[in-house]
Amino acid sequence: MSRSRTIYYTLLAMLMVAMLLPVKIAAQSDALFSQYWALPTYYNPAAAGTSDSIKITAGAKMQWVGITNAPVTFTGMADSPFKVFGKRIGVGIMFSQESIGLFSNINIGAQLAYKLKLLGGTLSIGVQIGLANQTFRGTDVFIPEGDDFHSSEDAAIPTNDIAGMAFDMAAGVFYTHKLFWASLSSTHVLQPTIKLSSETATESEYEFEMGRALYLMAGSNIPIKNTLFEIQPSLIVRTDFSTFTGDITARVRFKKFLSGGIGYRWKDAVSIMVGGEYKNFFLGYCYDYPISAISRASSGSHEVFLQYNVKLNLQDKNKNKHKSIRIM
């Protein structure tokens, strides 16, 4: 067995064992996209520029439909490879907006990734710097009369709209090989504290700390001999260093045109996903069916994303730098 295949099978075995260990569901700090494999730069800035294409992606998730004020997330990102002094780098931008009840969170960041050859593949080391903004609609707080747990006079509950902003940072490594890809990253590395205040107040009365999160992702693309099918297994494990959760996904791709698969989030949900590719576009949809107690109140979650790719030719001798082809 070749060295590269030995590394490949060893990595997959280690990740499968990690997925089978007993874990607890984590409270989410970043959005839990079931189609994480299509949105790698959301979790890891080192994924910027890993392909030979300019990629522009937009996605949305409506979580726990049927529950009032459940999380709704929108994200947009773009990344591209470049050559600077003969060295390949990746650059990207990421934007996300999430609404949860009376809270609204916005993150925006610029990404830079450096590439180097390693063990027959490419290792990418990346960093993201940006801003995190949080708002709370205190004017929409409603406490009914006779509430045994809260009082309208409780100083811990804001009665005005408050907002704050802080510097945020993410970092990671991303390895690509002809047999597989693997990713390790951390978001909110500095655990920034956002101080919230109202427009009429001169001092911050409330604070919110963004907890650091660690992400491990991996996947592969396995062609089935003498057929037009490919199997695309992948997984993601998340932790905030006190709790864990993870997804494992199995997808099948046909003629580089249609794809579909299933996924499982530990003790939380099962997923069904479908996708279609046409020229430079890829459209994906996923439905999550809850298997936890939340199924008594919610019919599930819906997720959709659209990606546009433009193939680049980074060869120095080719004068035609841009050429559109079907996405890989």
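### Things to note about the nonpolar core
Link 1 in the chain: Of all hydrophobic cores here, the largest spans 24 residues; its most connected members are Phe 33, Tyr 36, Trp 37, Tyr 42, Tyr 43, Met 217 and Ile 236.
Link 2 in the chain: Breaking this core down by element, the ones donating at least two residues are helix H2 (40–43), strand E10 (213–220), strand E12 (229–239) and strand E16 (281–290).
Link 3 in the chain: Non-local contacts of Tyr 36, meaning those with residues more than four positions away in its chain, are made with Tyr 43, Met 217, Ser 234, Leu 235, Ile 236, Asp 247, Ile 248 and Thr 249.

### Some remarks on the pattern of salt bridges
Link 1 in the chain: Applying the stated rule across the entire model yields 11 salt bridges.
Link 2 in the chain: The salt bridge partner of Lys 61 is Asp 288, with a shortest N-O separation of 3.0 Å. Placement of the pair is Lys 61 in strand E1 (residues 53–65) and Asp 288 in strand E16, with a sequence separation of 227 residues.
Link 3 in the chain: For Asp 288, a relative accessible area of 4% translates into the label buried.
Link 4 in the chain: For Asp 268, the salt bridge is made with Arg 265, and the minimal N-O distance between the two is 3.5 Å. When sorted by exposure, Asp 268 lands in the same class as Arg 265, which is buried.
Link 5 in the chain: Each of the salt bridges in this network shares a partner with another, and the network as a whole consists of Lys 61, Arg 238, Asp 247, Arg 265, Asp 268, Asp 288 and Glu 303.

### Topic: the pairing of strand E6 (residues 161–176)
Link 1 in the chain: Bridge count for strand E5 (residues 121–137) against E6 is 16 bridges, and the pairing is antiparallel. Following the sheet pairing, Phe 136 is matched in E6 by Ile 162.
Link 2 in the chain: Hairpin remark: E6 followed by strand E7 (residues 180–187), antiparallel, with three residues in the connecting loop.

### What about the packing of aromatic side chains?
Link 1 in the chain: Scanning the model with the defined rule gives 11 aromatic pairs in all.
Link 2 in the chain: Their ring planes at 45° and their centres at 5.8 Å tell us that Tyr 175 and Phe 180 sit as a pair that is tilted.
Link 3 in the chain: Given a relative accessible area of 12%, Tyr 175 falls into the buried group.
Link 4 in the chain: A relative accessible area of 6% means that Phe 180 is categorised as buried.
Link 5 in the chain: When the ring centre of Trp 37 is taken as origin, the NZ or CZ atom of Arg 251, which lies over that ring, is 3.6 Å away.

### Notes on the side chain of Ser 271
Link 1 in the chain: Residue position: Ser 271 is located in strand E15 (residues 269–278).
Link 2 in the chain: We classify Ser 271 as buried; its relative accessible area is 6%.
Link 3 in the chain: Not counting residues up to four positions away in its chain, the partners in contact with Ser 271 are Ser 34, Gly 261, Ile 262, Gly 263, Cys 286, Tyr 287 and Asp 288.

### Quick look at a nonpolar patch on the surface
Link 1 in the chain: Together, Phe 95, Ile 108, Leu 112, Val 127, Ile 129, Leu 131, Met 165, Phe 167 and Leu 190 make up an exposed nonpolar region whose accessible area comes to about 810 Å².
Link 2 in the chain: Ranked by the residues each element gives to the nonpolar patch, the list is headed by E5, at three residues.
Link 3 in the chain: Looking at where Val 127 falls in the secondary structure, it is placed in strand E5.
Link 4 in the chain: We classify Val 127 as partly exposed; its relative accessible area is 30%.

### Topic: the pairing of E15
Link 1 in the chain: Where burial is concerned, the two faces of E15 differ: the one with Ala 269, Ser 271, Met 273, Gly 275 and Glu 277 is buried and the one with Val 270, Ile 272, Val 274, Gly 276 and Tyr 278 is not.
Link 2 in the chain: Hairpin remark: strand E14 (residues 258–265) followed by E15, antiparallel, with three residues in the connecting loop; positive phi at Lys 267, about 55°.
Link 3 in the chain: Judged from the 10 bridges that link them, E15 and E16 form a sheet pairing that is antiparallel. Across the sheet, residue Gly 275 finds its bridge partner in E16, namely Gly 284.

### Points about the environment of Leu 119
Link 1 in the chain: Along the chain, Leu 119 falls in the loop between strand E4 (103–118) and E5.
Link 2 in the chain: The partly exposed category is assigned to Leu 119, whose relative accessible area is 43%.
Link 3 in the chain: Separated by 58 residues in sequence, Leu 119 and His 177 have C-alpha atoms that sit 8.6 Å apart.

### Describing the side chain of Ser 183
Link 1 in the chain: Following the sequence through the fold, Ser 183 ends up in strand E7.
Link 2 in the chain: Looking at Ser 183, its side chain comes within polar contact range of the side chain of Asn 44, at 2.7 Å.
Link 3 in the chain: Ser 183 has contacts with Asn 44, Val 173, Phe 174, Tyr 215, Leu 216 and Met 217, leaving out every residue within four places of it along the chain.

About the criteria used
Residues numbered from 1 in each chain as written. Predicted model: local features only at pLDDT ≥ 70, side-chain atom pairs only at ≥ 80, totals over all residues. Heavy atoms only, no water. Core = buried A, V, L, I, M, F, W, Y, C linked by side-chain atoms within 4.5 Å. Buried < 20%, exposed > 50% of the residue type's maximum accessible area, 1.4 Å probe, protein only. Helix = DSSP H or I, 4+ residues; strand = E, 2+ residues; numbered from the N terminus. Contact = heavy atoms within 4.5 Å. Salt bridge = Lys/Arg side-chain N within 4 Å of Asp/Glu carboxyl O. Pairing = 2+ DSSP bridges. Phe/Tyr/Trp six-rings, centres within 6.5 Å; stacked < 30°, edge-to-face > 60°. Lys NZ or Arg CZ within 6 Å of the ring centre and 35° of its normal. Patch = residues over 30% accessible without salt bridge, like charges linked within 9 Å, V, L, I, M, F, W, Y side chains within 5 Å. Areas by Shrake-Rupley, 256 points an atom, 1.4 Å probe, with all protein chains shown as cover. Polar contact = N/O pair within 3.5 Å; in protein donor to acceptor, adjacent residues only side chain to side chain.

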